[in-house]
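Residues per chain are reported as follows:
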Amino acid sequence: MGEKIKLEIRNMTKLYKNNDGVRNINLKVKEGELITLLGPSGCGKTTILRTIGGFLKCDSGSILIDRKPIEHLPPEKRPTSIVFQNYNLWPHMTVYENMAFGLKLRKIPKAERHRQIMEMLDLVKMTGMEKKYPNQMSGGQQQRIAIARSLLLKPEVLLLDEPFSALDAKIRSQMREELRKFQIDLNITVVFVTHDQEEAMALSDRIVVMNKGTFEQIGTPADVYNNPVNKYVAGFIGDMNFIELADKTIAVRPENVLIHRGTRGGIKGKIRATMVLGHYSEVTVDTKHGIIKAFVSCENSNIFHPGESVSLSFTKFHEYDKKDLAS
Ligand SMILES: Nc1ncnc2c1ncn2[C@@H]1O[C@H](COP(=O)(O)OP(=O)(O)O)[C@@H](O)[C@H]1O
Ligand SMILES: [Mg+2]
């Protein structure tokens, strides 16, 4: 990833008739960067992606690629390419025909077309599938082809709208690893959309955490995980306990909760349950602030028994002011 800004969105607003949409969006994406728009359904992720791709007209603001404004251009004139969650391939065309279509429109000669298609099939590990129709392939295979077809058009910015959300967990994480690998190898600039925080954490150079049409925080996965700027981000990324006090909220991750035998200091409580989750266990503790969750290593988990009195201390926590509007 370089320092050059590939995509810039300046003060962009796009509202639908009912006033839903996105407001005052500002974003700079570097060349070769994979940036993820992360937020719950309805927060405006697709709206932003479609304004970049040219399928929606923004009300105000501008969008620049390589410092040139593109907001006045129709989708086919923009140096972008978009892949959606579903229905990307033309069902009546084979894989090969699907991939050849855009290249034909661009008048790429047949032999060169063939070379590029075969190279791209190799990249997405789909060599040998040329003659298949979309309905003869799994969802994951179809999305591989959809991404490959987009890449053939050599977009300056690749837009991916929840491309893996319809796939099962195992295929999804495999696809995300493969995408990340060739995205880095080919230095492609990507705006990726997901509502899945785990996917965002695994894939991204930076994450934009969205809420109701605006940005709450932009940062690396480690930034947003370790230093969430407000209660909303704290609650959206990873597991978090919230302890409500009179004037503030304390947020503490389960891995930062220590459980001590007896009730000498800290927050007092009683062990509720222990659940083994693989290489660690989740221990829940009843306290006067509600249930607090702690992650402990497996060898320590069976030393606590339901009903036992314990006290808790925190190795790290965040404090949010109740007056903070985003809290
Ligand atoms: N064509 C439309 N007309 C009216 N409202 C829309 C339209 N498309 C989306 N919205 C609304 O705009 C908001 C953002 O939608 P969207 O960008 O699709 O969110 P996301 O992709 O994050 O789920 C939602 O409240 C949605 O209901
Ligand atoms: Mg969407």
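Note that the coordinates shown come from a computational prediction; the quantities given were computed from them, not determined experimentally.

Let's shift gears to the overall build of the protein chain. Secondary structure assignment for the protein chain yields 9 helices and 18 strands. Seen along its three principal axes, the alpha-carbon backbone of the protein chain occupies a region of about 80 × 45 × 35 Å. In the protein chain, which comprises 327 residues, the share counted as buried stands at 34%. Long-range pairs, those at least 24 residues apart, make up 64% of the contacts in the protein chain with a sequence separation of at least 6.

In this section: the sheet that holds strand β8 (residues 189–194). Hydrogen bonds along the backbone pair up the strands of a sheet, which may run parallel or antiparallel. Strand order in this open sheet of 6 strands is β6-β7-β8-β3-β9-β10, and the pairing throughout is mixed. The sheet is open, and its two edges are formed by β6 (80–83) and β10 (214–219), each paired on a single side. Ignoring which end each strand starts from, the neighbouring axes of this sheet average 20 degrees apart. In terms of strand pairing, strand β3 (residues 34–38) meets β8 through 5 bridges, oriented parallel. In the strand pairing of β8, leucine 38 is matched with threonine 194. Strand contacts of helix α1 (residues 45–53): β3, β6, β7 (157–161), β8 and β9 (206–211), with the helix running at about 150 degrees to β7, the strand carrying the most contacts. Where helix α4 (residues 139–152) meets the sheet, its contacts fall on β6 and β7, and the angle it forms with β6 comes to roughly 175 degrees.

A word on the pairing of β8. Most of β8 sits inside the fold, with 6 of its 6 residues counted as buried. Handedness of the crossover joining β7 and β8 through helix α5 (residues 169–186): right-handed.

Quick look at the sheet that holds strand β4 (residues 60–65) now. Spatial strand order, β2-β1-β4-β5: 4 strands in an open sheet with antiparallel pairing. One side of each edge strand has no neighbouring strand; the edge strands of this open sheet are β2 (21–30) and β5 (68–69). The sheet contact formed by β4 and β5 spans 2 bridges and is antiparallel. Residue pairing in the sheet places isoleucine 65 in a bridge with lysine 68 of β5. Taken strand by strand, α1 contacts β1 (5–15), β2 and β4, and its axis lies near 65 degrees from that of β2.

Now for the environment of isoleucine 82. Note that isoleucine 82 resides in strand β6. The class of isoleucine 82 is buried, set by 24 C-beta atoms lying within 10 Å. When the C-alpha atoms of isoleucine 82 and isoleucine 271 are compared, they prove to be 50 Å apart, with 189 residues separating the residues in sequence. Among residues more than four places away in sequence, those in contact with isoleucine 82 are Leu49, Gly53, Leu159 and Asp161.

On to the environment of arginine 261. Among the secondary structure elements, arginine 261 is positioned in strand β13 (residues 257–261). What makes arginine 261 exposed here is the crowd of 11 C-beta atoms within 10 Å. Taking C-alpha positions, arginine 261 is 7.0 Å from serine 309, a pair spaced 48 residues apart along the chain.

Let's shift gears to the packing of helix α3 (residues 110–123) against α4. A pair of packed helices can be characterised by two numbers: the angle between their axes and the separation between those axes. Relative to each other, α3 and α4 sit at 135 degrees, their axes nearing to 10 Å. The angle between α3 and α4 falls in the class oblique. Of the two elements, α3 crosses α4, and the hand of that crossing is right-handed. In contact with Gln116, Ile117, Met120, Leu121 and Leu123 of α3, α4 contributes Ala148, Leu151 and Leu152. Looking at the contact of α3 with α4 residue by residue, the classes come out as 7 nonpolar, 1 polar and no charged.

Once that is clear, we can look at the site of ligand 1. Looking at ligand 1, the residues that line it are Tyr16, Asn18, Asp20, Gly21, Gly39, Ser41, Gly42, Cys43, Gly44, Lys45, Thr46 and Thr47. In terms of residue count, the dominant contributor to the shell around ligand 1 is α1 (3 residues). Classifying every residue of the shell around ligand 1 gives 2 nonpolar, 8 polar and 2 charged.

On to the pairing of β3, then. In terms of burial, β3 is a largely internal element, 5 of the 5 residues being buried. Side chains of β3 alternate between two faces, with Leu34, Thr36 and Leu38 and Ile35 and Leu37 buried alike. Two elements, β3 and β9, share 4 bridges in a ladder whose sense is parallel. In the sheet register, isoleucine 35 faces β9, and the bridge partner there is arginine 206.

Next up on the list: α1. With 7 of 9 residues buried, α1 is to be regarded as a mostly interior element. Restricting attention to buried positions, one finds in α1 the residues Lys45, Thr47, Ile48, Leu49, Thr51, Ile52 and Gly53. Glycine 54 occupies a position one or two residues after α1 and carries a positive phi of about 95 degrees.

Domain annotation of the protein chain identifies domain 1 (5–231) and domain 2 (240–321). Spacing between the C-alpha centres of domain 1 and domain 2 amounts to 40 Å.

Criteria and cut-off values
Residues numbered from 1 in each chain as written. Chains lettered and ligands numbered in written order. Predicted model: local features only at pLDDT ≥ 70, side-chain atom pairs only at ≥ 80, totals over all residues. Helix = DSSP H or I, 4+ residues; strand = E, 2+ residues; numbered from the N terminus. Buried ≥ 20, exposed ≤ 12 C-beta atoms within 10 Å, placed from the backbone. Contact = placed C-beta atoms within 7 Å. Pairing = 2+ DSSP bridges. Axes fitted to C-alpha atoms, helices over the stretch in contact; angles between N-to-C directions. Right-handed = clockwise from strand over helix to strand, strands pointing away. Parallel < 35°, antiparallel > 145°, perpendicular 65-115°, else oblique. Left-handed = near helix turned anticlockwise from the far one by under 90°. Nonpolar A, V, L, I, M, F, W, Y, C, P; charged D, E, K, R; others polar. Near = placed C-beta within 6 Å. Domains from an automatic or database assignment.

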